[in-house]
Amino acid sequence: MAAAASSANLVVEADLPAHVGPPQLAPRRQLTFGLERFSGVYVWGALLLIFALWVPDTFLTTSNAKIIAGDQAITAMLALGIIIPLAAGVFDLSFAGVLGVSVALTAYMQVQGHSPVVAGLVALAGATFIGAVNGYVVVHLRVSSFIATLGMSSLLIAATYWITDGKQITEGFNATFLDLGTKQILGVPMPFYLMLVVAALIYVLVEFLPVGRYLYAVGGNPQAARLAGVRVDRIVFGSLVASSFVAGVTGVVLAARLGTASPDIGPSYLLPAFSAVFLGSTQIKAGRVNVLGTLLAIYLLATGVKGLQLAGAPVYVNDLFNGAALIIAVALAARTARRV
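What comes next concerns the included structure. In this text, all values refer to a predicted model and were calculated from it rather than measured experimentally. (Residues numbered from 1 in each chain as written. Predicted model: local features only at pLDDT ≥ 70, side-chain atom pairs only at ≥ 80, totals over all residues. Heavy atoms only, no water.)

1. So, the overall build of the protein chain
Looking only at helices and strands, the protein chain features 16 helices and two strands. Each of the 340 residues in the protein chain was classed as buried or not, and the buried ones make up 44%. If you take every contact in the protein chain between residues at least 6 apart in sequence, the share linking residues at least 24 apart comes to 77%. For the protein chain, the exposed area adds up to about 17800 Å²; of that, 67% sits on carbon and sulfur atoms. (Helix = DSSP H or I, 4+ residues; strand = E, 2+ residues; numbered from the N terminus. Buried < 20%, exposed > 50% of the residue type's maximum accessible area, 1.4 Å probe, protein only. Contact = heavy atoms within 4.5 Å. Areas by Shrake-Rupley, 256 points an atom, 1.4 Å probe, with all protein chains shown as cover.)

2. Description of the layout of surface pockets
Size it by volume and the largest pocket reaches roughly 550 Å³. If you trace the largest pocket, you find 24 residues lining it, with Asp-71, Gln-72, Thr-75, Tyr-269 and Asn-318 closest to the centre. If you tally residues by element for the lining of the largest pocket, the top one is helix H15 (residues 291–310), at six residues. For the lining of the largest pocket, the residue count by class is 13 nonpolar, seven polar and four charged. (1 Å grid on protein atoms, 1.4 Å probe; cavity = no way out; pocket = protein on both sides within 12 Å on 5 of 7 lines; lining within 4 Å. Points joined across faces, edges and corners; volume = space filled by probe spheres on them. Nonpolar A, V, L, I, M, F, W, Y, C, P; charged D, E, K, R; others polar.)

3. Considering helix H13 (residues 232–258)
Compared with the 39 Å implied by 1.5 Å per residue over 27 residues, the 39 Å span of H13 between its first and last C-alpha is a close match. Just downstream of H13 lies Gly-259, where phi reads positive at about 70°. (Expected span 1.5 Å × (residues − 1).)

4. Some words on the packing of aromatic side chains
Summed over the entire model, instances satisfying the criterion amount to ten aromatic pairs. Seen in terms of ring centroids, Tyr-203 and Phe-208 are 5.6 Å apart; in terms of plane orientation they differ by 70°. Their pairing is edge-to-face. Grouping aromatic residues by their ring pairs yields a cluster made of Phe-91, Phe-95, Phe-146, Phe-274 and Phe-278. The ring of Tyr-216 carries the charged tip of Arg-288 above its face, separated from the ring centre by 4.1 Å. (Phe/Tyr/Trp six-rings, centres within 6.5 Å; stacked < 30°, edge-to-face > 60°. Lys NZ or Arg CZ within 6 Å of the ring centre and 35° of its normal.)

5. Quick look at unusual backbone geometry
Unlike most non-glycine residues, Arg-142 shows phi in positive territory, near 60°. Tracing the backbone shows Arg-142 in the loop between helix H7 (116–139) and helix H8 (145–164). For Arg-142, a relative accessible area of 57% corresponds to the exposed category. Positioned with a positive phi, Leu-186 is a non-glycine residue whose angle comes to about 60°. Relative to the helices and strands, Leu-186 resides in the loop between strand S1 (184–185) and strand S2 (188–189).

6. Some points on empty space enclosed by the protein
In this structure the tally under the stated criterion is one cavity of 30 Å³ or more. Roughly 40 Å³ of internal volume is contained in the largest cavity. Taken together, Tyr-203, Glu-207, Ile-284, Lys-285, Asn-290, Val-291 and Leu-292 make up the full set of residues lining the largest cavity. Sorting the residues of the lining of the largest cavity by element identifies helix H10 (190–208) and H15 as the ones contributing at least two each. Tallied by class, residues from the lining of the largest cavity come to four nonpolar, one polar and two charged.

7. Some details on the nonpolar core
Of all hydrophobic cores here, the largest spans 80 residues; its most connected members are Leu-78, Leu-80, Phe-95, Met-195, Val-236 and Val-291. Looking at this core, the element that brings in the most residues is helix H5 (residues 73–87), giving twelve residues. Every residue in contact with Met-195, bar those within four places of it in the chain, is listed here: Ala-73, Ala-76, Met-77, Leu-80, Leu-295 and Tyr-299. Judged by nonpolar contacts, the second largest core, of five residues, contains Leu-47, Phe-51, Val-55 and Phe-59. (Core = buried A, V, L, I, M, F, W, Y, C linked by side-chain atoms within 4.5 Å.)

8. Notes on the pattern of salt bridges
All chains considered together, the criterion is met by six salt bridges. Between Glu-207 and Lys-285 there is a salt bridge; the shortest N-O distance is 2.5 Å. Separated by 78 residues along the polypeptide, Glu-207 in helix H10 and Lys-285 in the loop between helix H14 (270–280) and H15 bring together distant segments of the chain. Relative accessible area serves as the criterion here: at 17%, Glu-207 is assigned to the buried category. (Salt bridge = Lys/Arg side-chain N within 4 Å of Asp/Glu carboxyl O.)

9. Considerations on a nonpolar patch on the surface
Together, Phe-38, Val-41 and Tyr-42 make up an exposed nonpolar region whose accessible area comes to about 270 Å². By secondary structure assignment, the location of Phe-38 is in helix H2 (residues 35–54). (Patch = residues over 30% accessible without salt bridge, like charges linked within 9 Å, V, L, I, M, F, W, Y side chains within 5 Å.)

10. What about the environment of Ala-242?
Looking at the secondary structure, you find Ala-242 in helix H13. For the pair Ala-242 and Pro-85, spaced 157 residues apart in sequence, the C-alpha separation works out to 8.1 Å.

11. Here's the deal with the packing of H7 against H13
Interhelical geometry of H7 versus H13 gives an angle of 150° and a closest axis separation of 8 Å. Classed by the angle they form, the pair H7 and H13 counts as roughly antiparallel. In the packing of H7 onto H13, the handedness of the crossing is right-handed. For the contact of H7 with H13, the residue count by class is 15 nonpolar, seven polar and one charged. (Axes fitted to C-alpha atoms, helices over the stretch in contact; angles between N-to-C directions. Parallel < 35°, antiparallel > 145°, perpendicular 65-115°, else oblique. Left-handed = near helix turned anticlockwise from the far one by under 90°.)

As far as function goes, none of this settles anything; it's purely spatial.
Following this line, the structure appears as structure tokens:
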């Protein structure tokens, strides 16, 4: 009956004379030049122009571009890793701690005479175990992911101090292992290319594989996803394990890059990675965390910080810039989500 009534109403409305009711104007299309999705590209271009005119001798050089590309590889890998749990609607605040433990384990195992392969595998096993513990606490104990991973982060800082005995490890690294972090291709360190591999893998995972659709479905509405047959708990558990695993891989790469391990190496990466991911969620695919937007945000922020440093800004400009970017990014992401 309802369908018939609806059809009848359509017929009646179709039979009405054209002059009945006020004329309906077609909505006027506005030219936005892609600002709703690519505003970061415009801002990045503006930053490049500003610093090219401000400090052309030091900023507008090939060596500076290579330094920015190489220096941001570690932050980019971490940011790419936390895309996975954030897509599923859960936080992982422990990834920086996992990074620190991974660096410490990689260094400690080599100091004890083990090969770099064994050291790396131990670090990855430890990172995966930490992710599994996070997943168990969040999924089975029903603790908020924010609280669970924040508490884990504190535990991991303590573990890093215990592994390193509160001292900096500078000796005992295998020379071949150090080549992984110092060898350059076209003037750019190897970690940059490893980051591109990680980016490609995560991009395929979240954009083209069914598990990617499940992640976004769980993050968007876990109850609806559960009713649709998605195993929500398994997706959340797996996302936290994956995030820790990527942080573990990044820790191994960072150990090779620095050739040292210190007890306080992890926490400094927490804010820059989150700033990039949240800013990236306003770009390319506005309203959701995504790989391309995150990479754009990483190098947009790095360009701003590097330009200010070359212009003579004080040393605290890095934290100032990243903190402001995080606040602005979250505000923009919330506004975008309301529009969607």
